[in-house]
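One-letter residues, chain by chain:
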Amino acid sequence: MAEARLQVIAGGGVPQGPLVTDPWQFQAACVEAFVASWRARGFSPVTIDNDIGLLERTLVALGRPAWEVTPEDIDRVVGDLAVKGRATSTRREYVQIFKGFHRFLQARKAAEIEAAFGVRLVCPVDEFNASRHVGDDSPALLPPPTPERVTEFFDFMKQRIATARKYGPAARDYALFRTLYHAGLRSEEASLLERPDLHFTRGPFGKLHVRFGKGAHTSGPRPRWVPMLDGLDLVLRWFLEDVRGKFPDSPVLFADESGGPLHRGTIRNRLRYLMELEGRPPAERFSPHALRRACATHNYERGVDLVAIQQMLGHWTVSSTMRYVRPSATFIEDAYQRAVAATLAELTGKDTTA
């Protein structure tokens, strides 16, 4: 008589009740449970809606239940996206959403999957197809716009406010992109700001309460307080007093013409449209995320502490912030001249920088 053996299966206790044996029905139930976990962690409705659609498209493209997906399936889907000309960031999002769903299955559904389908869960995303946070506009590839270029763009936007057919959207865009640059926000973080998130009396400059800051490794929102530097408080006061009333009443700060939040894709498209109107060549155009990198770089160049920039941008580590910093070609020379000038001023008692 064969000796009975006990086996420990990760991912929860022994399933209770009858098992669902239809793989697509079971996967649909798993997706619902996965989405419920997002709500429990406090993800915003906008984020949940976007990610549900992305996960559904990913699973359809794979063409088989998640526990049967192989590394070759991942290669095929990502390769098809590349052939279709989809951006590196889009391909990365497909891989990341599937990887998060598979981790959920391993943690919550492994016992049920093995009992019902006889499959031991192994993630098909390996070192050869794992996504890396490097895209076409990655800080490792493209420098952020210079301070002079950013100033020229905002000057163009100010002039456009006076001549635009619709004052409200033109003025809103100006305040929105000034916020992305001076506060270093991500597009989605700015789109989810509400009017009560502006605290003009908090600290010496006033602060933005970014309640839906991006969390690392699907950990959920990471709230943070961001100071309104470089006159951003004045811009946002003007926006609230003279512009926000042109849109339907709602809590949303940067509202669309229905009063709802702007989608991050809409923000990207608005910026592209504005730079086309500006008439700049493609080489001088930039993305909303490039404004965030410009915020990190320009503050670093003028001497702001790197840890302060890290806290401002909401990064987990300083090493993440360093990837955003791309000093100018003369950064070393400029730093040297400042150091020499400071030393001479200390020795002579004269300000040599005047």
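Basis of the calculations
- Every residue gets a number counted from 1 within its own chain, in the order that chain's sequence is written.
- Reporting in this predicted model follows two pLDDT cut-offs: at least 70 for local features of residues, and 80 or more for side-chain atom pairs to be given and counted; totals over whole chains, interfaces and linings ignore these cut-offs and use all residues.
- Hydrogen atoms and water are omitted, and side-chain values are computed over all heavy atoms in the structure.
- For helices the rule is a DSSP run of H or I covering at least 4 residues; for strands it is a run of E covering at least 2, with both sets numbered from the N terminus onward.
- For a helix, the expected span equals 1.5 Å multiplied by the number of residues minus one.
- Partly exposed residues are those whose accessible area sits between 20% and 50% of the maximum for their type, while under 20% is buried and over 50% is exposed, using a 1.4 Å probe and protein chains only.
- Patches here: salt-bridge-free residues with over 30% relative accessible area, like charges joined within 9 Å, nonpolar side chains (Val, Leu, Ile, Met, Phe, Trp, Tyr) joined within 5 Å.
- Each accessible area is a Shrake-Rupley estimate made with a 1.4 Å probe; only the visible protein chains count as cover when residues are assessed.
- Criterion for a salt bridge: a side-chain nitrogen of Lys or Arg within 4 Å of a carboxyl oxygen of Asp or Glu.
- Here the axes come from fitting lines to C-alpha atoms, over the contacting stretch only for helices, and the angles between their N-to-C directions go from 0 to 180 degrees.
- Orientation is classified from the angle alone, with under 35 degrees giving roughly parallel, over 145 giving roughly antiparallel, 65 to 115 giving roughly perpendicular, and any other angle giving oblique.
- By definition, any crossing whose near helix is turned counterclockwise from its far helix by less than a right angle is left-handed, and any crossing with a clockwise turn is right-handed.
- Residues are treated as being in contact if the distance between any of their heavy atoms lies within 4.5 Å.
- Charged means Asp, Glu, Lys or Arg here, nonpolar means Ala, Val, Leu, Ile, Met, Phe, Trp, Tyr, Cys or Pro, and polar covers whatever is left, Gly included.
- Buried Ala, Val, Leu, Ile, Met, Phe, Trp, Tyr and Cys residues that are joined via side-chain atoms within 4.5 Å together make up what is termed a nonpolar core.
- The angle between axes fitted to the seven-residue stretch ending at a residue and the seven-residue stretch beginning at it gives the bend at that residue.
- For two strands to be treated as a pair, DSSP must find no fewer than two bridges joining them.
- Between rings of Phe, Tyr and Trp, where Trp is taken as its six-membered ring, a pair exists when centres lie within 6.5 Å; planes separated by under 30 degrees are stacked, by over 60 edge-to-face, and by other angles tilted.
- We count a charge as sitting over a ring when the NZ of a lysine or the CZ of an arginine lies within 6 Å of the ring centre and within 35 degrees of the ring normal.

(A) Representation of helix α6 (residues 167-183) within the structure. In this model α6 runs 24 Å from its N-terminal to its C-terminal C-alpha over 17 residues, within 8% of the 24 Å that 1.5 Å per residue would give. Counting buried residues along α6, 16 of its 17 residues qualify, which places the element largely inside the surrounding structure.

(B) Summary view of a nonpolar patch on the surface. On the surface, a cluster of nonpolar side chains totalling about 270 Å² of accessible area is made up of Val-340, Leu-344 and Leu-347. Within the fold, Leu-344 resides in helix α13 (residues 331-348). Residue Leu-344 is classed as partly exposed on the basis of its relative accessible area, which comes to 39%.

(C) The environment of Ala-296, seen in detail. Along the polypeptide, Ala-296 turns up in helix α10 (residues 288-301). Sequence-wise, Ala-296 and Leu-306 are 10 residues apart; in three dimensions their C-alpha atoms are separated by 8.7 Å.

(D) A look at the packing of helix α5 (residues 147-163) against α6. In the contact formed by α5 and α6, the axes pass within 9 Å of each other and the chain directions differ by 160 degrees. Considered as vectors, α5 and α6 are oriented roughly antiparallel to each other. As α5 packs across α6, the resulting crossing turns out to be left-handed. Seen from α5, the contacting residues are Val-150, Phe-154, Met-157, Lys-158, Arg-160 and Ile-161; seen from α6, they are Tyr-167, Ala-170, Ala-171, Asp-173, Tyr-174, Phe-177, Arg-178 and Tyr-181. Of the residues that constitute the contact of α5 with α6, the class distribution is 10 nonpolar, no polar and four charged.

(E) Inspection of the nonpolar core at higher detail. Counting residues in each nonpolar core, the largest one holds 53 residues, and the members touching the most others are Phe-177, Leu-185, Leu-208 and Phe-254. Sorting the residues of this core by element identifies α5, α6, β2 (207-210), α8 (232-243), α9 (264-278), α10 and α11 (306-313) as the ones contributing at least two each. Broken down by element, the residue count for this core peaks at nine residues, all from α6. Once you skip the residues sitting within four places of it in the chain, Leu-185 turns out to touch Thr-179, Leu-180, Ala-190, Leu-193, Leu-208, Val-210, Arg-224, Val-226 and Arg-292. Counting residues in each nonpolar core, the second largest holds 30 residues, with Phe-26, Phe-34, Leu-55 and Val-95 among its members.

(F) Representation of helix α4 (residues 88-117) in the model. The end-to-end C-alpha separation of α4 is 34 Å, well short of the 44 Å expected for 30 residues at 1.5 Å each. The largest bend in α4 is about 85 degrees, located at Lys-109. Phi turns positive one or two residues past the end of α4, at Gly-118, with a value near 70 degrees.

(G) Quick peek at the sheet that holds β2. Pairing within the open sheet is antiparallel, and its three strands lie in the order β1-β2-β3. Single-partner strands in this sheet number two, and they are β1 (198-199) and β3 (224-227). As judged from the four bridges shared by β2 and β3, these two strands associate in the antiparallel manner. Looking across to β3, one finds that Leu-208 is bridged to Val-226.

(H) Molecular detail of the packing of aromatic side chains. By the definition in use, this model includes 12 aromatic pairs. Aromatic side chains Phe-26 and Trp-67 sit 5.6 Å apart centroid to centroid with 75 degrees between the ring planes, which places their arrangement in the edge-to-face category. Here the residue Phe-26 occupies a position in helix α1 (residues 23-40), and Trp-67 occupies one in the loop between α2 (45-62) and α3 (71-83), the gap between them amounting to 41 residues. For Phe-26, a relative accessible area of 7% translates into the label buried. Judged by centre distance (5.3 Å) and plane angle (45 degrees), the ring pair of Phe-239 and Phe-254 falls under tilted. With a gap of 15 residues between them, Phe-239 in helix α8 and Phe-254 in the loop between α8 and α9 connect regions that are remote in the sequence. We note that Phe-239, like Phe-254, is buried. Through successive ring pairs, a cluster of aromatic residues spans Phe-153, Phe-154, Tyr-174, Tyr-181, Trp-238 and Phe-286. The side chain of Arg-178 reaches across the aromatic face of Phe-154, ending 5.5 Å from its centre.

(I) Spotlight on the side chain of Asp-73. Its location among the elements puts Asp-73 in helix α3. For Asp-73, a relative accessible area of 7% corresponds to the buried category. Look past the residues within four positions of Asp-73 in its chain and what remains in contact with it is Leu-62, Arg-64 and Glu-68.

(J) Region of the structure containing the pattern of salt bridges. Scanning all chains against the criterion turns up 20 salt bridges. Note that Asp-73 is salt-bridged to Arg-76, the shortest N-O span being 3.5 Å. One end of the pair, Asp-73, and the other, Arg-76, are both in helix α3, three residues apart, so they sit about a helical turn from each other. The partner of Asp-155 in a salt bridge is Lys-158, with the nearest N and O atoms 3.7 Å apart. With Asp-155 and Lys-158 both in helix α5 and three residues apart, the pair spans about one turn of that helix.

(K) Broad picture of unusual backbone geometry. With a phi angle near 55 degrees, Asp-230 is a residue other than glycine that sits in the positive phi range. Among the secondary structure elements, Asp-230 is positioned in the loop between β3 and α8. Looking at Asp-230, the relative accessible area reads 41%, which means it is partly exposed.

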